[in-house]
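Here's the letter readout for the chains.
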Amino acid sequence: MTITLHQLNSCTASHFVELLSGIYEHSPWIPQRAEVQRPFVSLAALKIAMQQVVAQASGQEQLGLICEHPDLAGAAALSGELTPESTGEQSQVGLLNCSPEQLDVISALNSAYRARFGFPFIIAVKGPDGRGLKRNDIISAFMRRVKNQRAEELSECLQQINRIAEMRLNDLFNVTLEFGNDIMAQAEVIGSWSDEAVGLTCAFLTPAHRKTANQLAEWMCAAGMQVSIDAIGNVVGRYLSDQPDAKTLITGSHYDTVCNAGKYDGREGILLAIAVVRHLHARGEKLPYHLEVIGFSEEEGVRFKSTFLGSNAVIGKFDLSLLDKTDAAGVVMREALTEAGHDVSCIAAIARNPQDILGFVEVHIEQGPVLLQKNLPVGIVSSIAGSSRFLVEFTGVASHAGTTPMDMRKDAAVAAAEIILFIEKRCAMVAALVGTVGQLQVPEGSVNVIPQRCVFSMDIRAADNLVREAAVAAILQQIDTVCQRRGIEFSINKIIDIPAVQCAPWLMNQLQRATENAGVPVVVLPSGAGHDAMAMANITDVAMLFTRCGNGGISHNPLETMTADDAELSAQIFLDFLRQLKPQA
Ligand code: HGY
Ligand code: MN
Ligand code: MN
């Protein structure tokens, strides 16, 4: 049976509840409480209304909702006592015909999970793209989550129930996604190309990186864009207006990744823009401005410890001295570029003329938990935190671990440890200030030798530049104080110092309008993560649209996830924004 929004908005309250009785397992109280918010302007608005009912329910009601759900491949499932929806979902992913070994594993997990938390394990088995998780992925999620804390699992089960409800509503409304499935499928394709055998690592100019660039170029071309790969590896697609002298709106994000990354960081923004242009092109619909989609080649700084290479070239701020930097294998950037077929003498010519640009708008996953906790699929970014990054090297004296008294040591690693704890303490003192030591090494260290050298990276960020600068000054002072006291030498190499960026209200307002048009409540939030928009802000106004992340909002981790439905909504909102864009007067 397929229903329409008009039917739902115009039927009696009791019929409304009856039509939605299969959406939340044995819990009619949820549509009952949502009904008063009729009429719903969109399916998204209905979904969000019911998710908010769940979020605002009492703890007891939320626990009751969770307990209404059956065990995966449990007795009820195997004896056919489930609701039609649950039966369909569990059988679609093969949970009703597991092997005896799988059944044993799942049944043991069910018992352990219930014993630990007092409620059943819940996962949306149809997964992020609705096509169904593999049984082994379900089991590994089960094994990972059974170790969580109870509060974490209560929240995650509710998120999973909302995701199940969302896909049941899609079935009830016979929804087909215009953009979301393609975005997720293409993220899977390029997400399978890695520098490493396990996990996704796509560093600047590696074979996986170049394969990804060529694939993005192919998809841009198929979407009707004029495509080129520039001298720093940016993949640039231009969707031309009928007005040759029109200005250009730029969008896109980066396609390089951190080590052992998630599949959507950066890539969502490129693939979503390609999907939207493909939609426009298929309709022969032009925009009153040129739209340029850029897959920036390097934002994370993994291989050569330098970030924003792609976007810095576009803004005309590429530091040519970086061409002499070497990677861990001693390969010089200049050589890597030449080997990849690029002509470094053309890098300067990549710079755009700011006069030609209307603005830069980047769609990116949030990489945090705010939208997830607010049960909202998208958010508008107010500002992007500034970042100061350093590599710090400590030099003490190597000596015998067994014969050197504790008060006669010049231990480089202990000096570093004392400072790492200071960084944590100092950054915890101020809200929205964060400090991270992401890399820590004792080069050529031995078990029985007091460390002569210790190297660590430092990443200090804040939405407020003065807060960040004060924290950096305090930490640098502490490094000097600790090293003086311990007789340790140190050297500090600044990698990046990029100020916080405010998004342009005139662009934010139009993203806001498009969000409201979709029936989605507007939330404006700061970005703790850095983005290419920070570089682009040097030459044009910028704005960002965030897409919700699942798995607690985790990112820079293989657990990074989003849904096809949220990709869909982000694309619909971005398309509406493009169509309605009023350039700044
Ligand atoms: O580190 C960042 O915030 C970004 O992901 N490069
Ligand atoms: Mn990142
Ligand atoms: Mn990113």
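See the structure shown above.
Throughout, a residue's number is its position along its own chain's written sequence, starting from 1. Here every chain gets a letter starting at A, and every ligand a number starting at 1, in the order they are written. Since the coordinates come from a predicted model, pLDDT governs what is reported: local features require at least 70, and pairs of side-chain atoms require 80 or more to be given and counted, while whole-chain, interface and lining totals use all residues. Note: side-chain values were computed over all heavy atoms of the structure, leaving out hydrogens and water.

## Points about the overall build of the protein
The condition that has to hold: Here a helix means four or more residues in a row that DSSP labels H or I, a strand means two or more in a row labelled E, and each is numbered from the N terminus. Computation of the radius of gyration draws on C-alpha atoms alone. For the globule rule, the value is 2.2 Å times the number of residues to the power 0.38. A 1.4 Å probe rolled over the protein chains alone gives each residue an accessible area, and that area as a share of the maximum for its type sets the label: buried under 20%, exposed over 50%, partly exposed in between. The protein chains shown are the only cover counted for residues, whose accessible areas, like all others here, come from Shrake-Rupley with a 1.4 Å probe. Counting rule for charge: Lys and Arg are taken as positive, Asp and Glu as negative, and neither His nor the chain ends is counted. Here the site of a charge means atom NZ of a Lys, CZ of an Arg, CG of an Asp or CD of a Glu.
A tally of helices and strands in the protein yields 21 helices and 14 strands. In terms of overall dimensions, the protein is globule-like: its C-alpha atoms have a radius of gyration of 26 Å, near the 25 Å expected for 585 residues. Over its C-alpha atoms, taken along the principal directions, the protein stretches across nearly 75 × 70 × 45 Å. Of all 585 residues assigned to the protein, the portion counted as buried reaches 55%. When the accessible surface of the protein is split by element, carbon and sulfur atoms take 53% of a total near 24,200 Å². Here the protein contributes 46 positively and 64 negatively charged side chains, and the mean placements of these two sets differ by 2 Å.

## Section: the pattern of salt bridges
The condition is simple: Each reported salt bridge corresponds to a side-chain nitrogen of Lys or Arg within 4 Å of a carboxyl oxygen of Asp or Glu.
Counted under the stated rule, the structure contains 30 salt bridges. Among the salt bridges present, the one from Arg114 reaches Asp71, with a minimum N-O distance of 3.0 Å. Of this pair, Arg114 sits in helix H8 (residues 100–117) while Asp71 sits in the loop between helix H5 (59–67) and helix H6 (75–78), and the two are 43 residues apart along the sequence. For Arg461, the salt bridge is made with Asp459, and the minimal N-O distance between the two is 2.7 Å. Across this residue pair, the class does not change: Arg461 and Asp459 are buried. Each of Lys47, Arg163, Glu166 and Asp565 takes part in salt bridges that share partners, so that together they form one network.

## Remarks on the coordination of the manganese ion (ligand 3)
To keep things clear, this is the line we draw: Sites may look incomplete because water is not among the atoms; the donors themselves are N, O and S atoms within 2.8 Å of the metal, or within 3.2 Å for Na, K and Ca.
Note on the manganese ion (ligand 3): its protein donors are His254 (NE2), Asp265 (OD) and His364 (NE2). The metal-donor distances range over 2.1 to 2.3 Å. Going along the chain, you hit the donors of the manganese ion (ligand 3) in the pattern H-x10-D-x98-H. The metal-metal distance between the manganese ion (ligand 3) and the manganese ion (ligand 2) is 3.5 Å, with Asp265 coordinating both. Taken as a pair, Asp265 in the loop between strand E3 (248–254) and helix H13 (267–282) and His364 in strand E5 (residues 357–365) lie far apart in primary sequence, 99 residues in all. Grouping residues by exposure puts Asp265 and His364 together as buried.

## Quick look at the site of ligand 1
Heads up, the rule is: Put simply, a residue is near a molecule or strand once any heavy atom of it comes within 4 Å of that molecule or strand. N or O atoms closer than or at 3.5 Å make up a polar contact, with two conditions inside protein: a donor-capable atom paired with an acceptor-capable one, and, for residues adjacent in sequence, both atoms drawn from side chains. Here the nonpolar group is Ala, Val, Leu, Ile, Met, Phe, Trp, Tyr, Cys and Pro; Asp, Glu, Lys and Arg are the charged ones; every other residue, Gly included, is treated as polar.
Close contacts around ligand 1 come from Glu299, Glu300, Arg389, Arg461, Ala529, Gly530 and His556, and that covers them all. Between Arg389 and ligand 1, the recorded distance is 3.2 Å, taken from a side-chain N or O atom to an oxygen atom. Here an oxygen atom of ligand 1 sits 3.0 Å away from a polar atom, N or O, in the side chain of His556. Coverage of ligand 1 by the protein amounts to 94% of the 210 Å² it exposes when considered alone. Considered class by class, the residues forming the shell around ligand 1 number one nonpolar, two polar and four charged.

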